[in-house]
Number of protein chains: 2
Amino acid sequence: MDLSDLSSQAGEWLRGSGPMSDVVISSRIRLARNLAGYPFLTRADNDQRRELSDLIRGAITAVKGDGSLSYLDIDKLGEMDRQLLVERHLISKQHAEGEGDRGLALSPGETEAVMVNEEDHLRIQVLRSGLQIEDCWTRIDELDNRLGGELEYAFDSTLGYLTACPTNVGTGMRVSVMLHLPGMRITEELPKMFAAAKELRLAVRGLYGEGTEATGDFYQISNQTTLGRGEQDLLGQFGHEIIPRFVEYEHRAREALCDQKQVMLDDKVHRALGVLRTARQISSEETLYLLSHVRLGVNLGRIRGVPLEVINELFLLTQPAHLQRIRGQKLEEQARRVARAEFVRSRLSASPGQ
Amino acid sequence: MDLSDLSSQAGEWLRGSGPMSDVVISSRIRLARNLAGYPFLTRADNDQRRELSDLIRGAITAVKGDGSLSYLDIDKLGEMDRQLLVERHLISKQHAEGEGDRGLALSPGETEAVMVNEEDHLRIQVLRSGLQIEDCWTRIDELDNRLGGELEYAFDSTLGYLTACPTNVGTGMRVSVMLHLPGMRITEELPKMFAAAKELRLAVRGLYGEGTEATGDFYQISNQTTLGRGEQDLLGQFGHEIIPRFVEYEHRAREALCDQKQVMLDDKVHRALGVLRTARQISSEETLYLLSHVRLGVNLGRIRGVPLEVINELFLLTQPAHLQRIRGQKLEEQARRVARAEFVRSRLSASPGQ
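Thresholds applied
Residues numbered from 1 in each chain as written. Chains lettered and ligands numbered in written order. Predicted model: local features only at pLDDT ≥ 70, side-chain atom pairs only at ≥ 80, totals over all residues. Heavy atoms only, no water. Least-squares fit on C-alpha atoms with pLDDT ≥ 70 in both. Contact = heavy atoms within 4.5 Å. Buried area = accessible area lost by both parts, 1.4 Å probe. Salt bridge = Lys/Arg side-chain N within 4 Å of Asp/Glu carboxyl O. Polar contact = N/O pair within 3.5 Å; in protein donor to acceptor, adjacent residues only side chain to side chain. Buried < 20%, exposed > 50% of the residue type's maximum accessible area, 1.4 Å probe, protein only. Helix = DSSP H or I, 4+ residues; strand = E, 2+ residues; numbered from the N terminus. Pairing = 2+ DSSP bridges. Axes fitted to C-alpha atoms, helices over the stretch in contact; angles between N-to-C directions. Parallel < 35°, antiparallel > 145°, perpendicular 65-115°, else oblique. Left-handed = near helix turned anticlockwise from the far one by under 90°. Domains from an automatic or database assignment. Phe/Tyr/Trp six-rings, centres within 6.5 Å; stacked < 30°, edge-to-face > 60°. Lys NZ or Arg CZ within 6 Å of the ring centre and 35° of its normal.

Q: Outline the relation of the copies chain A and chain B, supporting the account with residue identities and numerical values.
A: Aligned on chain B, chain A shows an RMSD of 0.0 Å; the corresponding rotation is 180° and the shift along the axis is 0.0 Å. Both copies are brought into coincidence by an operation consistent with a two-fold rotation axis. Most of the interface of chain A is mirrored in chain B: 100% of its interface residues are interface residues there too.

Q: Could you give an account of the interface of chain A and chain B, with specific residues and numbers?
A: With 19 residues of chain A in contact, the opposing surface of chain B contributes 19 residues. Carbon and sulfur atoms supply 57% of the area that chain A and chain B bury against each other, a total of about 1600 Å² over both sides. Applying the counting rule to chain A against chain B returns two salt bridges. Note that B:Glu286 is salt-bridged to A:Arg271, the shortest N-O span being 2.8 Å. For the pair chain A and chain B, the number of links is ten residue pairs in polar contact (both at pLDDT 80 or more).

Q: Requested: an account of the pairing of strand β4 (residues 112-116) of chain A, with residues and values cited.
A: All names here are of chain A. Burial runs high along β4: five of the five residues are buried. What you see with β4 is no split at all: Glu112, Val114 and Val116 on one side and Ala113 and Met115 on the other are buried throughout. As paired strands, strand β3 (residues 103-106) and β4 are joined by four bridges and run antiparallel to one another. Residue Ala105 lies in a different strand from β4, and its bridge partner there is Val114. Connecting the antiparallel pair β3 and β4 is a turn made up of five residues, with Glu110 showing a positive phi of about 65°. Two strands pair when backbone bridges link them, and β4 and strand β5 (residues 122-129) are joined in this way by five bridges, in the antiparallel orientation. Within β5, the residue paired with Met115 across the bridge is Arg123. Counting the residues that bridge the hairpin from β4 to β5 gives five residues, and of these Asn117 lies at a positive phi of roughly 60°.

Q: Now, about the packing of helix α9 (residues 262-278) of chain A against helix α10 (residues 284-299) of chain A: what can you tell me, with residues and values included?
A: All names here are of chain A. Relative to each other, α9 and α10 sit at 130°, their axes nearing to 8 Å. When the axes of α9 and α10 are compared, the pair comes out oblique. Read as a crossing pair, α9 and α10 show a hand that is left-handed. Touching Leu265, Lys268, Val269, Ala272, Leu273, Val275 and Leu276 of α9 are Glu286, Thr287, Leu290, Leu291, His293, Val294, Leu296 and Gly297, all from α10.

Q: Any chance you could break down the side chain of B:Asn223 for me, citing the residues and the numbers?
A: Here B:Asn223 shows up in strand β10 (residues 218-224). The class for B:Asn223 is buried, based on a relative accessible area of 7%.

Q: Requested: an account of unusual backbone geometry, with residues and values cited.
A: Outside of glycine, negative phi angles account for most residues, and trans bonds account for most peptide bonds. Here the phi dihedral of A:Arg201 falls at roughly 55°; this positive angle occurs in a residue that is not glycine. Here A:Arg201 is to be found in the loop between α7 (190-199) and β9 (203-205). For B:Asn117, which is not glycine, the phi torsion reads 60° and is therefore positive. Positionally, B:Asn117 belongs in the loop between β4 (112-116) and β5 (122-129). On the accessibility criterion, B:Asn117 (2% relative accessible area) is buried.

Q: For the domain arrangement of chain A, give the residues involved together with the corresponding values.
A: All names here are of chain A. Segmentation of chain A into domains returns domain 1 (3-254) and domain 2 (262-348). Facing the 33 residues of domain 1 at the interface are 25 residues of domain 2. For the pair domain 1 and domain 2, the two sides together bury roughly 2300 Å², of which 65% comes from carbon and sulfur. Interface area lost by domain 1 to domain 2 is led by Met80, Glu87 and Ile186, which between them contribute 24%. Counting every contact that joins domain 1 to domain 2 gives one salt bridge. Taking the shortest distance from any N to any O, the salt bridge between Arg325 and Asp81 comes out at 2.6 Å. Taken together, the connections running from domain 1 to domain 2 amount to twelve residue pairs in polar contact (both at pLDDT 80 or more).

Q: Summarise the packing of aromatic side chains; cite the residues concerned and give the values.
A: Enumeration over the complete set of coordinates arrives at ten aromatic pairs over all chains. Where B:Phe218 meets B:Phe315, the ring centres are 4.7 Å apart and the plane angle is 70°; that geometry is what we call edge-to-face. With B:Phe218 in strand β10 and B:Phe315 in helix α11 (residues 308-317), the pair connects residues that are 97 residues apart, well separated along the chain. This pair shows no difference in class: B:Phe218 is buried, exactly as B:Phe315 is. By way of ring pairs, the aromatic residues A:Tyr153, A:Phe155 and A:Tyr161 are connected into one cluster. For the cation-ring pair, A:Lys192 lies above A:Tyr249, with the distance from its terminal atom to the ring centre recorded as 4.9 Å. The ring of B:Tyr161 has B:Arg33 lying over it, and the distance from NZ or CZ to the ring centre is 3.5 Å.

If you want it as structure tokens, here you go:
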């Protein structure tokens, strides 16, 4: 697989299609699995890591004989390519920065991925645009079952799947959605959402997972299954009750803006577009901030003539590794700021009267 | 004279023509004069104020029989019209807010004006675009001589012209220029200019005189003639040495920006234009700030397709009283912010690719 295929378009997670895609950017389920008879990775030596990755790679080839999961040796990739995969939400930061034999199996549409030798021996992930948790589940359950047919998972009849971190023991599942919540940020209602999430024992994270800022008004909401709770139950509640409720909060905030603060809203979204169309240097952070406003403006019909796909793509393609891939060269920070502004202008070139 | 003639165009002080007009917005000389046999205004009663204004008005009519100086009763104008004259630098804030009989005689091009019953009985003013101090002097000296032929000025052979404030005694003259110094502000070299001004005993004020902020990067530099110093000497030094030196400082700062910080400069000036073209509500202060950047960009050829006259006009026409005059109605602050943004957009409507 050639990574340059990835760098010029948005990944599945930002395609912007799927149910409730005005608020729900993407849905994701990941399963943590480990192989019986091998130590967890914190205690595995280099030989064991290699054996593990060989075994898992073999299993992947066996279940996906059509080559629909390509395998990448993460440890053989350059820093920029690893960063590219992080920016696309295909591997974690830890996986990018880790040591030793490790890999990623990836489907062409980026909807399925398996991290090999990250925190657990396997981390299977299915990602879809919009709110599509059941579809994620159908796909990941099938992939998990087929891999489980080739590999012997570490499983305890009482505890369930054994994982490196105790919080994952049981189903080993985490379900998460990426929400775009500019309306609630502008109306200052995010604390309400955070409180509800806390009540429901949900984790709220930023754009790039744990410990990152909610840049671009993106919030990743995830639920960790716990011991003794069935996957189906959890998924049903998450996808049919909890997330639709958050979406409803955001819709109400947006309606309030349109009804009561139309001038302020229009001012924000049009200024954001104006700056993106004219800046000669711009940071990644400011770009996300402004794109978030423009996305809101497009979604609410306040901005016309700017395709939503262009905005969705820009969120990703203006990130450092993507930008350098597109330019075909390594760029220092200031050069990236200039290249980013040029790229954004070229994608958003103004039409008359806007 | 109908003030609505004034509200739709820039006054002389912002025409943007004349020598060194990329930096020197306007030149102005004012003379303070009082009539013999009358107390200064702080001690004059209402009858005396009326007598004074009748006398002075009569003299103005006598010397300008062609009606080239129209007379306005300031005390009969509404608040908005008085504010309009302040925004055009034709009367002082004090004159607008004062009490009792007071007036303004004004030439159609706004190059000549006489404030009647401000701090002194007469304040004669000549204003020109760009650096034209000698021309100001020729004109004001002639007007002063002709008025002096009709009126008996309070004059002491030792002290010179007697004025209400001791600092004006002598020539009663103040010469000032309005400079546009965005380059030095961006390169952070203004302290150098302030130090030089202090050394030369020059006063530096903001856009609307004493105690106002230097909004829009406009600085008013003025020299007060002192007792025992000839007008001609002072004017020569001010117009041929001091101001050209400040202009040179600003030119060097602009060159440094073009040579060494081109990206930063382009970023600032284009963003400023981008925001002005897209904002849906904007304060007077932010408008001045952004217009200042755009003016710099146009002057340096970094922004094309935006006529300098449009920018110069906008500095004035976006001020509160002008804006309300143009709209033909009184507007509260928030309504003004919206009207201002609309007006700016209409004047700066984008052409493709900008």
